[in-house]
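Fold and contact review
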Amino acid sequence: MPNLPPPSSAATSADADLFARSLARVVQAAQHARIDPETLLRLSAPARTIEVSIPLRRDDGSLQVFRGYRVQYDDSRGPYKGGIRFHPRVDLAEVKSLALWMTLKCAVVDVPFGGGKGGIEVDPRQLSTAELERLSRGYVRALADVLGVDRDVPAPDVYTNARTMAWMADEYRVIARRLEPGMITGKPVGRGGSLGRDDATGRGGYYVLKEIEARRGWSPAQVRVAVQGFGNAGQHIAQLLHEDGYRVVAVSDSKGGILQPDGLDVPAVAAHKQAQHELPLPRGARRLGNADLLQLEVDVLVPAALEDQLTEHNAEQVAAKVVLELANGPTTGPADAILHRRGVLVVPDVLANAGGVTVSWFEWLQNRTGEPWSLAQVHERLRACMRTQFQAVHERATTQGVPMRMAAYGLALERLDRALGAGGTAADFARG
Ligand code: GLU
């Protein structure tokens, strides 16, 4: 029996409406933005949706076929930009939503990119390193025609990393028969990658939290933080907060979490996770489930895993005062409304986790000019960018009396409106 993929989950899963829900929030935000109606019309569907089959020769000699996607949402502000996710739950509705969020995110932080996203429906933990390399190269072989430094620039996302990017950049070089390092970002340092890209998503979120700290007069030692997800973003923000004196009391990965009310020794937890691929149980700590972590008595909750974690079923139980969204789409629309009513400040993904794409932009600039930046330069410009955009979004939210997500989307929509409407809209053409 040939090893065929099961029917696409997009048609059946509850996620099929994820994109509809994502779009509905954009429509809602448009009520608070000065934009032409055509802008919303233009943003109501991706410019291009590509589904590919990627054959993989397994180490045991068998053949397996994987489904891959690339969604190019909008490029009115610059080349499509967005990561590639390897995850068993990847489907078209998810990739479309993630591509829409990238479009908004790049506009929120005002980097000259459009929005895109890609993914492969695969559990990478079931594959050997050599199989992962062949799969990554297969993805680029299937999509090379639509990628490029001025066309569409991928990057890492869930379960992909700098090494994945190195394989992909190399495959592109083989196909194009020339070097084009700026066609992908998040590459290893020394292979065209930027210093400071690795921890950029966590660091961007950390800089945002420092702005909130200043406004609320917090002293870090008094602030308790729980981090859901211990991948690239979660691990780095936990480390940065710990170094700064914050009390990171709980962290979790896909298997569950650990809680230590006095604060975890984050570097030790990270070292153990790195070596053993699982979280340790330090002395004095106890295990807890991912759902319980979201309801802990903490000051700051950092969802840094996947979509739809805070919903109408658990938002009433969130005890944190601030939710810093390092994951993409962790809070549903109904949960947003509940949290806003309860006075919980939700810093939306399109701002809180935009440090990653911001440093991707720095990497792309370095690749184009051939001039490397120092780590201090990267940190300084990232901090300045996050501060400026946080202030803009925060001020807008306060003035309009809307949640920060609505303010961030509104700001993004106005920036997109300038690009999309540059050639004129119905009003201009009707005049003749
Ligand atoms: N995957 C990251 C995100 O969701 C980074 C994207 C990029 O650097 O292009 O923002």
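Everything that follows concerns the structure shown earlier in this document.
Residues numbered from 1 in each chain as written. Predicted model: local features only at pLDDT ≥ 70, side-chain atom pairs only at ≥ 80, totals over all residues. Heavy atoms only, no water.

1. Structural notes on the overall build of the protein chain
Stated formally: Numbering of helices and strands starts at the N terminus; helices are DSSP runs of H or I of at least 4 residues and strands are runs of E of at least 2. Between the two quantities, the radius of gyration covers C-alpha atoms and the globule rule is 2.2 Å times the number of residues to the power 0.38. Type-normalised accessible area, obtained with a 1.4 Å probe on protein chains alone, sets the label of each residue: buried when under 20%, exposed when over 50%, and partly exposed for intermediate values. Any two residues having at least one pair of non-hydrogen atoms within 4.5 Å are treated as being in contact. Working definition of accessibility: Shrake-Rupley area with a 1.4 Å probe, residue cover restricted to the visible protein chains. Note that His is not counted, nor are the chain ends; the positive residues are Lys and Arg, and the negative ones are Asp and Glu. Where a charge sits is defined by one atom per residue type, namely NZ (Lys), CZ (Arg), CG (Asp) or CD (Glu).
Helices and strands together make up the secondary structure of the protein chain, namely 15 helices and 12 strands. Taken over the C-alpha trace, the protein chain has a radius of gyration of 21 Å; the compact-globule value for 432 residues is 22 Å, and the two agree within 12%. When its C-alpha atoms are laid out on the principal axes, the protein chain stretches across 65 × 55 × 50 Å. Expressed as a percentage of its 432 residues, the buried residues of the protein chain come to 57%. The contacts in the protein chain between residues at least 6 apart in sequence include a share of 70% that link residues at least 24 apart. Split by element, the accessible area of the protein chain, about 17,800 Å² in all, is 51% carbon and sulfur. The average position of the 51 basic charges and that of the 50 acidic charges among the side chains of the protein chain differ by 2 Å.

2. Focus on the packing of aromatic side chains
The cut-off we apply is this: For Phe, Tyr and Trp, where Trp contributes only its six-membered ring, two rings pair if their centres lie within 6.5 Å, and the inter-plane angle classes them as stacked under 30 degrees, edge-to-face over 60, or tilted in between. By the criterion adopted, a ring carries a charge over it if an Arg CZ or a Lys NZ lies within 6 Å of its centre and within 35 degrees of its normal.
Taken as a whole and assessed by the stated rule, the structure comprises 5 aromatic pairs. Between tryptophan 361 and phenylalanine 362, the ring centres sit 5.7 Å apart and the planes meet at 45°, which makes this aromatic pair tilted. Of the two residues examined, tryptophan 361 and phenylalanine 362, each falls in the buried class. Members of the aromatic cluster, each reached through a chain of ring pairs, are Trp361, Phe362 and Trp373. Stacked on the ring of phenylalanine 113, the Lys or Arg lysine 81 has its end atom at 5.9 Å from the ring centre.

3. Describing the site of the ligand
Filter applied, for reference: Whether a residue is near a molecule or strand depends on its heavy atoms: it is near if one of them lies within 4 Å of it. Polar contact is defined as a pair of N or O atoms within 3.5 Å, subject to the rule that within protein one atom must be able to donate a hydrogen and the other to accept it, and that residues adjacent in sequence are counted only when both atoms are side-chain atoms. Classes in brief: Ala, Val, Leu, Ile, Met, Phe, Trp, Tyr, Cys and Pro nonpolar; Asp, Glu, Lys and Arg charged; the others, Gly included, polar.
Near the ligand lie 14 residues; those nearest to it are Lys81, Lys105, Pro156, Asp157 and Ser360. Note that a nitrogen atom of the ligand is positioned 2.9 Å from one of the backbone N or O atoms of proline 156. Side-chain polar atom of serine 360 to an oxygen atom of the ligand: 2.6 Å apart, as the coordinates give it. Burial of the ligand by the surrounding chains reaches 95%, relative to a free accessible area of 300 Å². Only strand E3 (80-87), helix H3 (92-108), strand E5 (152-156) and helix H12 (355-369) provide two or more residues apiece to the shell around the ligand. In terms of residue class, the shell around the ligand is made up of 4 nonpolar, 5 polar and 5 charged.

4. As for the packing of helix H7 (residues 232-243) against helix H8 (residues 266-276)
Worth spelling out the cut-off: A fitted line through C-alpha atoms represents every axis, and for helices the fit uses only the stretch in contact; the resulting angles, taken between N-to-C directions, go from 0 to 180 degrees. Under this scheme an angle from 65 to 115 degrees is roughly perpendicular, one under 35 degrees roughly parallel, and one over 145 degrees roughly antiparallel; angles in between are oblique. Handedness of a helix crossing follows the sense of rotation of the near helix relative to the far helix, less than a right angle counterclockwise being left-handed and clockwise being right-handed.
Here H7 crosses H8 at 155°, and the two axes come no closer than 9 Å. Regarding the angle of H7 to H8, the classification is roughly antiparallel. Considering how the two elements wind past one another, H7 and H8 form a crossing that is left-handed. Here Gln235, Ala238, Gln239 and His242 of H7 come into contact with H8, specifically with Val266, Pro267, Ala270, Lys273 and Gln274. Its residues assigned to classes, the contact of H7 with H8 shows 4 nonpolar, 4 polar and 1 charged.

5. A short note on the packing of helix H6 (residues 200-216) against helix H13 (residues 375-400)
Their axes nearest at 9 Å, the elements H6 and H13 cross at an angle of 50°. The pairing of H6 with H13 is recorded here as oblique in orientation. The element H6 and its partner H13 pack so that their crossing is right-handed. Seen from H6, the contacting residues are Ala200, Arg203, Gly204, Tyr207, Val208, Glu211, Ile212 and Arg215; seen from H13, they are His379, Leu382, Arg383, Met386, Arg387, Phe390, Gln391 and His394.

6. Here's the deal with the pairing of E3
Test applied: The criterion for strand pairing is that DSSP finds at least two bridges linking the strands in question.
Within E3, 8 of the 8 residues are buried, leaving the element largely enclosed by the surrounding structure. Two elements, E3 and E5, share 5 bridges in a ladder whose sense is parallel. Within E5, the residue paired with lysine 81 across the bridge is valine 153. Summarising the sheet, E3 and strand E4 (residues 115-121) pair through 4 bridges and their orientation is parallel.

7. Section: the pattern of salt bridges
Our working rule: The salt bridge criterion pairs a side-chain nitrogen of Lys or Arg with a carboxyl oxygen of Asp or Glu, the two atoms within 4 Å.
Scanning the model with the defined rule gives 38 salt bridges in all. Taking the shortest distance from any N to any O, the salt bridge between arginine 178 and glutamate 180 comes out at 2.2 Å. A relative accessible area of 14% means that glutamate 180 is categorised as buried. Through salt bridges with shared partners, a single network forms among Arg85, Arg89, Glu94, Lys117, Asp157 and Glu307.

8. Brief notes about the sheet that holds strand E6 (residues 224-228)
Read from one edge of the open sheet, 7 strands run E9-E8-E7-E6-E10-E11-E12, paired in mixed fashion. The open sheet terminates on both sides in strands that have one partner only, identified here as strand E9 (286-288) and strand E12 (345-347). Neighbour to neighbour, the strand axes of the sheet diverge by 20° on average, direction disregarded. Two strands pair when backbone bridges link them, and E6 and strand E7 (residues 247-253) are joined in this way by 5 bridges, in the parallel orientation. Its bridge partner lying in E7, valine 227 is registered against valine 251.

9. Here we look at the environment of aspartate 170
Tracing the backbone through its elements, the reader meets aspartate 170 in helix H5 (residues 162-176). Separated by 124 residues in sequence, aspartate 170 and leucine 294 place their C-alpha atoms 40 Å apart. In this structure aspartate 170 touches Arg137 and Arg191, once residues within four positions along its chain are discounted. A distance of 2.8 Å separates the side chain of aspartate 170 from the side chain of arginine 173, its partner in a polar contact.

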